[in-house]
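# Structure assessment
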Amino acid sequence: MDDSNNNGEEKTRGLDFIRQIIKEDLDSGRVSQVVTRFPPEPNGYLHIGHAKAFTLSFSVAEEFGGICRLRYDDTNPEKEDEEFVRGIEEDIRWMGFKWEGEPRHASSYFARFYEWAVELVNAGKAYVDHQSPEEMVENRGTPTKSGLDSPYRNRSVEENLELLEQMRTGVLDEGSCVLRAKIAMDHVNILMRDPTLYRIRKETHHRTGDDWCIYPMYDFAHGFEDAIEGVTHSLCSLEFVNHRPLYDWFLDNVSVPSRPHQYEFARLNLSHTIMSKRYLRKLVEDHHVHGWDDPRMPTLKGMRRRGYPAAAIRKFIDEIGVSKVNSLVDVEFLNFHVREELNRTAHRRMAVINPLKLTITNWPEGKIDIFTAENNPGDTEAGSRDIKFSGELWVEKTDYMDDAPRKWFRMTPGKEVRLKYAYYVTVNEILRDNSGEPEELLCTYDPETRGGDSPDGRKVKGTLHWLSRHDAVNAELRLFDHLITLEDVSKAEEGKEFLDYINPESELINTEAKVEPALASAAAEERFQFMRNGYFVADTVNHIPGAKPVFNRIVGLRDSWAKIAKKG
RNA sequence: UAGGACGUCGGCAAGCGGUAAGCCACCGGGUUUUGAUCCCGGCAUUCGCAGGUUCGAUCCCUGCCGUCCUAGCCA
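Just so we're clear, the structure is a prediction, and the values are computed from it rather than from any experiment.

Let's shift gears to the overall build of chain A. Scanning chain A from N- to C-terminus turns up 13 helices and 25 strands. Computed over its C-alpha atoms, the radius of gyration of chain A comes to 31 Å, more than 25% above the 24 Å expected for a compact globule of 568 residues. Judged by the C-alpha coordinates and their principal axes, chain A covers about 105 × 70 × 45 Å. Every one of the 568 residues in chain A was classed for burial, and the buried ones make up 52%. Across chain A, every contact between residues at least 6 apart in sequence was considered, and the portion connecting residues at least 24 apart equals 71%. Of the roughly 27000 Å² of accessible surface on chain A, a fraction of 46% belongs to carbon and sulfur atoms. If you average the places of the 76 positive and of the 97 negative side-chain charges in chain A, the two averages end up 3 Å apart.

Dropping the structure here:
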């Protein structure tokens, strides 16, 4: 058989290890239907690292005919807020996923967790400990030194039951004691040295109110949550590998309705940014950025406002794959997918970021010419629009040089260039301000080149974008760069933290830009390619259609001239 | 001088005992009224290192080295 023909017998990437496990479980009949879950804690907004996680759980369920639920891991009343719940759901939907049924809440299982705690106490596998937090730390030992048994470790079942009841009903004070599992204080895995199951918190929970004075710890609760929901494959990140023995211990020592299993994969790290909720919160609270949806933030809210299409983020996540290797992905790989998506879908427009006057000296007084411009040269379906041309134009300041290098295709005295869709023009004279900076270029045009082609076959290398001064409109453009100058934030120098690497020029506001008149009425979140300048999106907050155009630069175009120029 | 996870091209990542996929980046060349897009070509005699088993090892075994995780009443 010849599989080298053009019938598309391409080699494809094998299944990642998670999908391999699931496939085996399905094939062997160990599970009949895949059930996954995405379990965010509602204490912040989702970032692209979370997106990798939920994309995995949702996709895997979809691919194998299973279901994926959304479950809030709201076991700690002091940090959680209903405010974030809406945001989380909106972000998941924006990414194109739908969870099965209503969102679940760990807090609605509190009663069952309690029963299981009682079950452990009855079995002599849990006890109430009155040691202070400091004593507990002291007696936990270290990685190389085993811990010491708590003096309260061998209380009677009856006493433990009574104390636990007092914890629950609020008789006992916050911090006075905790419920711990009785596993082994000399376990090599520190997490197994009698982990805490419940702590007393006399705080109002955003969903259960004041029903509870005790709240379960993550390790105690998480496996139970999965078991209650019939989760088959509980996916989480690598830092939970050490927790898996706990996950298993709780499920194996209590009568649970199903037996889920935990699998860990490497979380996403992106260059030039941070992916820790705590640090992102700091950026917001200390006003290093304007909010959770600041276009420089790696949050989904930020990326959305920045103009990143959800489809591009999905494609990116798909291509970085899933493995157990701690890695750092270059943000440029994300940007590549953003450009790829936008090149396909974004309509082209002209915009001048740094305007410079260009006046055609031989242009007929007051004449207006009209050209048809295609919306997307790669997509005829995208249609076209009319643009007006006159003898008084705006061009890009950076497209002119007094003394041009050899490979310069753009404007310099005496060099003929093409104005896209319009005419060939040649710079003859430069009017300057007091400091000698060009203020206006005086040019002549060749009427024979209307449409941008010369009948005599004369070629020009440079094609520039332009705007007619009579109908161009002012716009505010926001140009972004990496928030963090350091490629790998985990490699900060001694004594420095990520805040020391914040890029002071990560946001440049340009208020002198000019854009095509039609852009003034662009809808919020509408994306365009400003030819030769990059992809831009109408800002969702500050862009006012018909009144105040404000665009965010999503990402620049590939710029091979910049590379040539740098090499000299 | 603890336990665990992981080490394949500059960045991701396939490979699962039969002789190193793909993507990005990078380097050449072609097309182009965006120095964009698009197209073509190049880019690991080698899989952290050293031994061993085997006709044959990136895949198995042993030892070493390196990176990351773990001592919250956070998740």
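Picking up where we left off.
The subject of this paragraph is the sheet that holds strand E11 (residues 351-352). As summarised here, the arrangement of the seven strands in space is E10-E23-E24-E25-E21-E22-E11, forming an open sheet in which the pairing is mixed. Taken across any chain shown, the strands that pair with only one partner, and hence form the sheet edges, are strand E10 (347-349) and E11. Both strand E24 (residues 534-538) and strand E25 (residues 550-555) contribute to a ladder of four bridges, which runs antiparallel. Bridge assignment links Tyr535 to a residue of E25, and that residue is Val555. Packing of helix H12 (residues 331-345) onto the sheet brings it into contact with E10, strand E23 (527-530), E24 and E25, and relative to E25 it is tilted by some 120 degrees.

Attention shifts here to the packing of helix H2 (residues 48-63) against helix H11 (residues 310-320). Remark: H2 packs on H11, axes separated minimally by 10 Å, with the N-to-C direction vectors making an angle of 70 degrees. When the axis of H2 is compared with that of H11, the two are roughly perpendicular. Residues Ile48, Ala51, Lys52 and Thr55 of H2 lie in contact with H11, whose contacting residues are Ile313, Phe316, Ile317 and Ile320. Taken together, the residues of the contact of H2 with H11 break down into six nonpolar, one polar and one charged.

Surrounding RNA strand B, one finds 72 residues, the nearest of these being Arg348, Arg410, Lys420, Gly451 and Ser560. Of what RNA strand B places within 4 Å of the protein, 67% of the atoms are sugar or phosphate. In this structure, a base oxygen belonging to RNA strand B sits 3.0 Å away from a main-chain N or O atom of Gly452. Only helix H5 (133-140), strand E6 (196-200), H11, H12 and helix H13 (560-567) provide two or more residues apiece to the surface near RNA strand B. A total of five residues in the surface near RNA strand B trace back to one element, the largest contributor, which is H13. Classifying every residue of the surface near RNA strand B gives 28 nonpolar, 22 polar and 22 charged.

On to the side chain of Glu396. One can find Glu396 in strand E15 (residues 392-396). Buried charge without a salt bridge: Glu396, with Arg532 as the nearest opposite-charge side chain at an N-O distance of 6.2 Å. Looking at Glu396, its side chain comes within polar contact range of the side chain of His465, at 2.7 Å. If we skip the residues at most four places from it in the chain, Glu396 touches Ala351, Val352, Ile353, Asn354, His465 and Asn533.

On to unusual backbone geometry, then. Non-glycine residue His287 carries a positive phi angle of around 60 degrees. Inspection of the secondary structure puts His287 in the loop between helix H9 (277-285) and helix H10 (300-306). The backbone phi angle of Tyr421 is positive, close to 70 degrees, even though this residue is not glycine. Take Tyr421: it is sitting in the loop between strand E16 (416-419) and strand E17 (424-432). The class of Tyr421 is buried, set by a relative accessible area of 14%.

Thresholds applied
- Residues numbered from 1 in each chain as written.
- Chains lettered and ligands numbered in written order.
- Predicted model: local features only at pLDDT ≥ 70, side-chain atom pairs only at ≥ 80, totals over all residues.
- Heavy atoms only, no water.
- Helix = DSSP H or I, 4+ residues; strand = E, 2+ residues; numbered from the N terminus.
- Rg over C-alpha atoms; globule rule 2.2 N^0.38 Å.
- Buried < 20%, exposed > 50% of the residue type's maximum accessible area, 1.4 Å probe, protein only.
- Contact = heavy atoms within 4.5 Å.
- Areas by Shrake-Rupley, 256 points an atom, 1.4 Å probe, with all protein chains shown as cover.
- Lys, Arg positive; Asp, Glu negative; His and termini not counted.
- Charge placed at Lys NZ, Arg CZ, Asp CG, Glu CD.
- Pairing = 2+ DSSP bridges.
- Axes fitted to C-alpha atoms, helices over the stretch in contact; angles between N-to-C directions.
- Parallel < 35°, antiparallel > 145°, perpendicular 65-115°, else oblique.
- Nonpolar A, V, L, I, M, F, W, Y, C, P; charged D, E, K, R; others polar.
- Near = heavy atom within 4 Å.
- Polar contact = N/O pair within 3.5 Å; in protein donor to acceptor, adjacent residues only side chain to side chain.
- Salt bridge = Lys/Arg side-chain N within 4 Å of Asp/Glu carboxyl O.

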